[in-house]
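Coordinate inspection notes
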Amino acid sequence: MTPRQPTPPIELTGTAGRWGAARPLPDGFAATLVGVCDVITDVGAVADASRDWWPLAMHWALAGQAPQVAAVVARPASTEQVAAVLRACTAAGVPVTPAGGRSGVVGASVPAFGGVLLDLTALQGIVSVDAVSGLVEVLPGTFGPDLEDELRGHGLTVGHYPQSFDIATVGGWVACRGAGQYSTRYGKIEAIVAGLEVVLADGTVVRTGGTPAAAQGPDLTQLFVGSEGTLGVVTKVWLKAHPLPPSEQRAAFAFPTFQDGLEACRRILRRGATPAVLRLYDAPESQRGQGGDGTYCVLLVLDEGDETLVAATMAVVAEEAAACGGSDLPRDLVERWMHHRNDTSALQALTRKGFVVDTMEIAAPWAALPQIFDDVRAAMMAVPHARAATCHLSHSYLDGACLYFTFAATPPPEAVDETYVALWDAGQRAVLAAGGNLSHHHGVGVNRARFMAEALGPGMGVFQAVKDALDPAGVLNPGKMGLRSPFGEVAWP
Ligand SMILES: Cc1cc2nc3c(=O)[nH]c(=O)nc-3n(C[C@H](O)[C@H](O)[C@H](O)COP(=O)(O)OP(=O)(O)OC[C@H]3O[C@@H](n4cnc5c(N)ncnc54)[C@H](O)[C@@H]3O)c2cc1C
């Protein structure tokens, strides 16, 4: 198994959270948990387990604080142990926050009101492989490399390679509706997942999915995919796997403008071609990391799979790129990207220097993307202390695509929080106003909770009703996704 790679090492000096003291556990509650599963009470270890990769919380960690600190970490090793912990938390009204790799970037696994941090990484490994159907049954705490290494022995791949592949778990992929870098061929996780085992707040164990294309009511699997631990705890996942790809082809192109490149991507997808990697960088990002000189936009393409399909896909790509003003670039730009694609050390270094740095990924229909590209960058750059707002397209669909913005600001230390909030307000509202969604794959967590009612409209009432029905005591990951919490409001922003 892959050694767990936690959040960047930062020594937390306090045991209280940024958001104040959490409510104490009821008398005897910790002893109840000890009778159920492994429990960690060491204050330093619990404080460290209470943070994820949310960039603003990284600033707070540098000042010695986690956003909030759990009372204990519970580490169940079976579905039955998860069910027993949830039953105890519901009965006693104790908040319980599921956590996988804690690689989330929106504060989703931060225990906003203390209570129990439910570490699911002891539930690790592949349970079974059905090589005929291409179905793999896997435990939720399994990290990406462990999944793919073992599947390779069966001649299979799931094809889900998020940038956080080494540090995120299968359960976290499902809970956040994640996307891998090869998603234009393999799909986002919601397209890959075939079924789930979920433990509800009262300890009931539910099995969803399991056969293709069932017409037996609403798809309950999709109810839990993206629910970020607010509706239930995922204890098993069935994923669809493909034969290992026998062939691969690469290409790179330069476009005079981002809009020209967008149009090429749109036409490629509208013709039915789905190259695994289709990444279009604006001119500044092309210059920063993709070999550009700041005057053109780089499109990187890679496809893998059946040789005939790959050849046809790449022929469509070349035709549409040329039709939209693209000119050929050396293919080794793709190789270069492959080597650096998971390296985020530059962004971490900027945070350590006091920069406000973050990324915002959204999706929108093709027709709305040119305006969102312009509006978001303009809105962010109008925020005091903003230094940069750049963009690339990273995942494409028949009807639209994901734009991924990277932004940076250099506020004085006392204005870090307000600058961070202002940048997100400006960017996210520009997206929503122009017809985009709130998030494509990072999810909502704490950071985006304040936009959920705007994004879902009356649909937010439906989500709340589902939450109230499945978790009437409100103990599952409270304070997240804009849902009401019996423990009060999160003290942020
Ligand atoms: C450097 C970096 C790059 C990234 N790149 C990508 C990327 O390319 N694509 C992408 O999609 N994301 C990316 N992310 C974000 C993050 O890795 C994903 O959101 C990932 O899916 C989170 O998985 P995790 O195991 O770390 O979950 P955690 O961060 O531990 O938890 C995230 C949420 O899921 C819930 N959860 C976790 N496990 C379970 C479970 N078993 N049952 C119920 N709820 C659960 C938690 O309560 C929380 O709400 C990146 C993050 C970093 C730091």
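Residues numbered from 1 in each chain as written. Predicted model: local features only at pLDDT ≥ 70, side-chain atom pairs only at ≥ 80, totals over all residues.

1. Brief notes about the overall build of the chain
Within the chain, the regular secondary structure consists of 18 helices and 18 strands. The C-alpha atoms of the chain give a radius of gyration of 22 Å, which matches the 23 Å a tight globule of 493 residues would have. Each principal axis of the C-alpha distribution contributes one length, and for the chain these read about 70 × 60 × 45 Å. Burial statistics for the chain: of 493 residues in total, 54% are counted as buried. (Helix = DSSP H or I, 4+ residues; strand = E, 2+ residues; numbered from the N terminus. Rg over C-alpha atoms; globule rule 2.2 N^0.38 Å. Buried ≥ 20, exposed ≤ 12 C-beta atoms within 10 Å, placed from the backbone.)

2. Side note on the pairing of strand β5 (residues 126–130)
Pairing between β5 and strand β6 (residues 135–138): four bridges, direction antiparallel. Within β6, the position partnered with aspartate 130 by the bridge is leucine 135. Two successive antiparallel strands, β5 and β6, enclose a turn made up of four residues, where glycine 134 displays a positive phi of approximately 70 degrees. (Pairing = 2+ DSSP bridges.)

3. Considering helix α4 (residues 79–92)
Each α-helix winds once per 3.6 residues, and so residues spaced three or four apart point in a common direction. End to end, α4 covers 20 Å across 14 residues, agreeing with the expected 20 Å (1.5 Å per residue, within 8%). The complete set of buried residues in α4 reads Gln81, Val82, Ala83, Ala84, Val85, Leu86, Ala88, Cys89 and Thr90. Among the residues trailing α4, glycine 93 stands out with phi positive, at a value near 65 degrees. (Expected span 1.5 Å × (residues − 1).)

4. Some details on the pairing of strand β14 (residues 297–305)
It is a general feature of regular strands that their side chains alternate between the two faces of the sheet. Burial runs high along β14: nine of the nine residues are buried. Burial along β14 is two-sided: the residues Cys297, Leu299, Val301, Asp303 and Gly305 and Val298, Leu300, Leu302 and Glu304 are all buried. Of the strand pairs in this sheet, strand β12 (residues 247–255) and β14 are connected by nine bridges, and their pairing is antiparallel. When the bridges of β14 are listed, alanine 252 appears paired with leucine 300.

5. What about helix α14 (residues 345–352)?
Within α14, only zero of the eight residues are buried, which leaves it mostly out in the open. Glycine 354 sits one or two positions beyond α14 and adopts a positive phi of about 100 degrees.

6. Re the sheet that holds strand β18 (residues 400–409)
Spatially, β15-β12-β14-β13-β17-β18-β16 is the arrangement adopted by the seven strands of the open sheet, whose pairing is antiparallel. In this open sheet, the two strands that pair with only one neighbour each are β15 (327–329) and β16 (356–365). Each neighbouring strand pair of the sheet contributes to a mean axis angle of 25 degrees, computed without reference to strand direction. Relative to β15, β12 runs antiparallel, the two being bridged by three bridges. Following the sheet pairing, phenylalanine 253 is matched in β15 by aspartate 328. Lying over the sheet, helix α10 (residues 258–270) contacts β12, β13 (277–281), β14, β17 (386–396) and β18, oriented at roughly 160 degrees with respect to β13. Relative to β12, helix α12 (residues 307–323) is tilted by about 5 degrees, and along the sheet it contacts β12 and β14. (Axes fitted to C-alpha atoms, helices over the stretch in contact; angles between N-to-C directions. Contact = placed C-beta atoms within 7 Å.)

7. With respect to the sheet that holds strand β2 (residues 72–75)
Judged by pairing direction, the sheet is mixed, and its four strands sit side by side in the order β1-β2-β4-β3 without closing on themselves. Each edge of the sheet is formed by a strand with only one pairing partner; in this case those strands are β1 (38–40) and β3 (96–99). Across the sheet, the axes of successive neighbouring strands diverge by a mean angle of 25 degrees, strand direction being ignored. In this sheet, strand β4 (residues 116–119) lies alongside β3 in parallel orientation, the contact comprising four bridges. Its bridge partner being in β4, alanine 99 is matched across the sheet by aspartate 119.

8. Observations concerning the packing of helix α15 (residues 369–381) against helix α16 (residues 416–433)
Taken N-terminus to C-terminus, the directions of α15 and α16 make an angle of 160 degrees; their axes are 8 Å apart at the nearest point. Taken together, the axes of α15 and α16 lie roughly antiparallel to each other. In this structure, α15 meets α16 at a crossing whose hand is right-handed. Residue-level inspection shows Ile372, Asp375, Val376, Ala379 and Met380 of α15 in contact with α16, the latter providing Leu423, Ala426, Gly427, Ala430 and Val431. (Parallel < 35°, antiparallel > 145°, perpendicular 65-115°, else oblique. Left-handed = near helix turned anticlockwise from the far one by under 90°.)

9. Comments concerning unusual backbone geometry
A cis amide bond links tryptophan 492 with the next residue in sequence, proline 493, at an omega value of 5 degrees. Position of proline 493 among the secondary structure elements: in the segment after α18 (459–470). We note that asparagine 477 has phi near 45 degrees; this positive angle belongs to a residue other than glycine. Relative to the helices and strands, asparagine 477 resides in the segment after α18. Phi at methionine 481 takes a positive value of approximately 60 degrees, unusual for a residue other than glycine. Overall, the presence of 25 C-beta atoms within 10 Å leaves methionine 481 in the buried class.

10. So, the domain arrangement of the chain
With domains assigned, the chain is organised as domain 1 (29–119), domain 2 (126–243), domain 3 (247–340) and domain 4 (345–447). Distance from the C-alpha centre of domain 1 to the C-alpha centre of domain 2: 22 Å. Between domain 1 and domain 2, the contact holds 15 residues from the first and 20 residues from the second. Elements supplying a minimum of two residues to the side of domain 1 that touches domain 2: α4 and β3. For the side of domain 1 that touches domain 2, the element with the highest residue contribution is α4, accounting for seven residues. Among the residues making up the side of domain 1 that touches domain 2, the classes are represented as seven nonpolar, seven polar and one charged. (Domains from an automatic or database assignment. Nonpolar A, V, L, I, M, F, W, Y, C, P; charged D, E, K, R; others polar.)

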